[in-house]
Amino acid sequence: MIQFRNVKKSYGKKTILDNLSLDIKAGEFVILIGPSGCGKTTTLKTINRLIEPDSGEIYIDGKDITKMDPVKLRRTIGYVIQQIGLFPNMTVEQNIAIVPKLLNYKKEEIDEIVHHLLDLVNMPYEENAKKYPSELSGGQQQRIGVLRALAASPPIVLMDEPFGALDPVTRDSLQEEIKKIQKKLGKTIVFVTHDMDEALRLADTIVFMNEGKVLQMASPEEMLQSPAHPIIKDFLGKHMNNGNDAENMVASDFMRAKVLTVPKTKKTLECIELMSRRDVSSLIVVEDDDTYCGTVSVDKIKAQGKAGKEIAGLVTMESMTVNRNSNAQEAFELLIASPTGYVVVLNDDNTVAGLITKTSMAKAMGEALWGEMTQ
Amino acid sequence: MSYSEFLTKHFNEILKALLVHIEIVFISVGIGVIIAVPLGIVLSRHKSIAKYVLAVVGVIQTIPGLVLLGIMLILFGIGKPPAIAALSLYAILPILRNTYIGITEVDMHYIEAAKGIGMSGNQILFKVELPLSMPAIIGGLRLSTVYIISWATLAGMIGAGGLGDMIWTGLSSYETKYILAGAIPAAILALVASALIGFIQRAITPKGLRIRR
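This structure is a prediction, so every number in the text was calculated from the model and none was measured.

### Describing the overall build of chain B
A count of helical and extended segments in chain B gives nine helices and zero strands. The secondary structure elements of chain B, listed N-terminal to C-terminal, are α-α-α-α-α-α-α-α-α. Each of the three principal axes of chain B carries a C-alpha extent, and together these read 70 × 40 × 20 Å. Within chain B, the proportion of its 213 residues that are buried is 38%. The contacts of chain B with a sequence gap of at least 6 include a subset with a gap of at least 24, amounting to 73%.

Okay, here's the thing in structure tokens:
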């Protein structure tokens with residue numbers, strides 16, 4: 001449908017498109033992605049000739065677009081930009097009707113198109129058609145921006161980071177809508193973004209560009225499985241399959257390292273005071289040489305302890321322990337089985353390394369799955 | 001003779017001077033618009049020459065009114081034509097500058113969107129750029145009109161008529177009543193014209209630009 005053949009473009013000494021060749025199939029949702037300055041927006045804008053390449057050819061349905069009248073060409077290609085660009089002096093209806101009017105559609109036909117399109121995004125005609133863009137929210141404005149691009153039923157729609165300026169919730173719902181619309185109307189959409197989430201969510205095919213070249217062109221699934229370049233891996237980041245890493249994880253990866261220990265010579269009341277200040281219900285007790293001795297719980301001290309006595313007699317070994325280099329899965333199973341709700345992690349010399357709690361486990365799992373957590 | 005007697009006696013004279021004054025202002029500003037708006041549009045398409053043209057027009061603006069009238073007197077003789085020629089030149093700058101700035105300051109993404117969806121250059125001009133810069137252009141017109149109403153009083157000196165006639169008569173005969181009979185209507189005319197154009201400015205500002213959430 002759209003073919004790039006050896007397309008080159010440079011500004012001064014800077015090469016923007018480096019001998020780019022690319023085939024986009026009809027009816028596909030194609031996402032151009034890559035780091036800033038990779039040429040993705042330039043590629044998009046050469047399709048409707050907002051940017052003219054220095055050399056090479058671009059064909060749409062086999063026709064060389066450089067030989068077409070650019071104004072006529074653009075009327076057959078929808079165009080949506082990040083800044084939305086609805087004309088503030090025109091109503092919603094007038095904005096949607098621009099291209100059909102330029103193409104001299106009949107008035108009744110235009111009315112029908114406007115009604116139909118507003119229905120498509122659940123913005124009833126009666127409530128919205130006569131409003132001005134400044135009366136709409138950002139999400140509504142961009143919906144109208146998309147409708148304006150669709151109004152004359154162009155087979156191809158170009159979108160230049162259309163949802164980049166929207167808040168996450170609005171972006172989500174617009175992504176969903178555009179995907180539905182694309183499937184329903186069978187459009188070929190070429191969509192520029194730098195957001196890998198968006199790309200994985202929407203694309204049939206992702207074209208990953210860097211320095212004016214295509215590094216990889218693949219379905220989201222394929223790209224996730226075998227990214228062709230370290231840069232792509234970086235971009236995929238948190239989406240990469242971490243299955244192999246999980247097997248290599250050990251107990252110490254899951255633990256909270258800073259834990260409070262007390263010597264077994266500590267007195268009962270001191271321990272209770274300490275626990276209430278730290279808001280915990282038990283303490284890890286260590287021998288004089290810092291090796292693990294056991295744990296003591298607040299209930300036990302209250303039930304059996306005498307004020308002013310050492311806690312040594314109250315220490316129990318009921319808590320599970322695990323070596324810091326044990327397999328993570330083993331630690332996980334112990335945690336679930338542990339009567340105290342935590343597992344004590346020991347170093348090779350039997351000193352205390354840390355504590356695995358359900359919270360520390362959940363946090364570590366989250367990070368393994370989705371990357372660094374903020375909390 | 002009291003002032004009110006003076007006014008009654010000379011009412012027709014003052015009214016006639018006022019009408020001539022309005023005529024001179026109207027024609028001069030009209031010529032100014034006809035030259036300045038298209039020139040502003042052309043300059044917005046050729047920004048590299050714009051600053052030179054604006055500089056030249058700016059220099060014209062600094063020529064003292066009397067001197068310019070003198071030059072026009074030499075070129076066109078006595079009467080309305082030289083006065084109108086001089087005042088038209090003065091009228092150009094505010095309108096030209098506002099037209100140029102109004103168009104060049106239309107947000108780039110409106111232009112990109114307009115181009116991207118297939119508007120031709122003229123369509124972008126008439127459907128997007130001019131409507132969006134209309135408030136600025138009318139603002140320039142308003143400024144010009146107020147200036148020209150005041151400067152047109154000088155035109156009486158070279159026999160163009162208007163309220164300037166009354167003022168010059170008063171100045172040359174030490175007759176304050178004549179001076180006031182020319183100056184007060186001119187001041188009122190300036191205020192009324194400014195208010196009227198302000199009203200027009202609001203009325204033709206595209207509705208979507210007036211609504212702010």
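### Observations concerning the interface of chain A and chain B
Contact residues are listed per partner, giving 21 residues for chain A and 20 residues for chain B. Counting residues per element, the ones that place at least two in the side of chain A that touches chain B are α2 (70-75), β6 (77-81) and α3 (92-102) of chain A. Split into classes, the residues belonging to the side of chain A that touches chain B amount to 12 nonpolar, five polar and four charged.

### Digging into the pairing of strand β3 (residues 29-33) of chain A
All names here are of chain A. Along β3, five of the five residues are buried, which leaves the element largely enclosed by surrounding structure. Burial along β3 is two-sided: F29, I31 and I33 and V30 and L32, pointing in opposite directions, are all buried. As paired elements, β3 and strand β8 (residues 188-192) share four bridges and run parallel to each other. Paired with V30 across the strands is V190, a residue of β8. Where β3 meets strand β9 (residues 205-210), four bridges bridge the pair, whose relative direction is parallel.

### Some words on the nonpolar core
With 74 residues, the main nonpolar core has A:V30, A:I31, A:A151, A:L158, A:V190 and A:F191 as its most contacted residues. Membership of the second largest hydrophobic core comes to 45 residues, among which are B:L43, B:A50, B:A86 and B:W151.

### Details of unusual backbone geometry
Residues and elements named next belong to chain A. Unusually for a residue other than glycine, E161 sits at a positive phi of about 45°. Looking at where E161 falls in the secondary structure, it is placed in the loop between β7 (156-160) and α7 (168-185). With 19 C-beta atoms counted inside 10 Å, the residue E161 sits in the partly exposed group. Positive phi outside glycine occurs at E211, with the angle close to 50°. Of note, E211 is situated in the loop between β9 and β10 (213-218). Since 15 C-beta atoms lie within 10 Å of it, E211 is described here as partly exposed.

### Some words on the packing of helix α3 (residues 65-76) of chain B against helix α4 (residues 80-104) of chain B
Residues and elements named next belong to chain B. Where α3 meets α4, the axes come as close as 8 Å, and the angle between the chain directions of the two elements is 135°. The angle between α3 and α4 places the two elements in the oblique class. Seen along the crossing, α3 lies across α4 with a hand that is right-handed. Of the residues in α4, those in contact with L68, L69, M72, L73, L75 and F76 of α3 are P81, P82, A83, A85, A86 and L89. For the contact of α3 with α4, the class distribution of residues is 12 nonpolar, no polar and no charged.

What counts and what doesn't
Residues numbered from 1 in each chain as written. Chains lettered and ligands numbered in written order. Predicted model: local features only at pLDDT ≥ 70, side-chain atom pairs only at ≥ 80, totals over all residues. Helix = DSSP H or I, 4+ residues; strand = E, 2+ residues; numbered from the N terminus. Buried ≥ 20, exposed ≤ 12 C-beta atoms within 10 Å, placed from the backbone. Contact = placed C-beta atoms within 7 Å. Nonpolar A, V, L, I, M, F, W, Y, C, P; charged D, E, K, R; others polar. Pairing = 2+ DSSP bridges. Core = buried A, V, L, I, M, F, W, Y, C linked by C-beta atoms within 7 Å. Axes fitted to C-alpha atoms, helices over the stretch in contact; angles between N-to-C directions. Parallel < 35°, antiparallel > 145°, perpendicular 65-115°, else oblique. Left-handed = near helix turned anticlockwise from the far one by under 90°.

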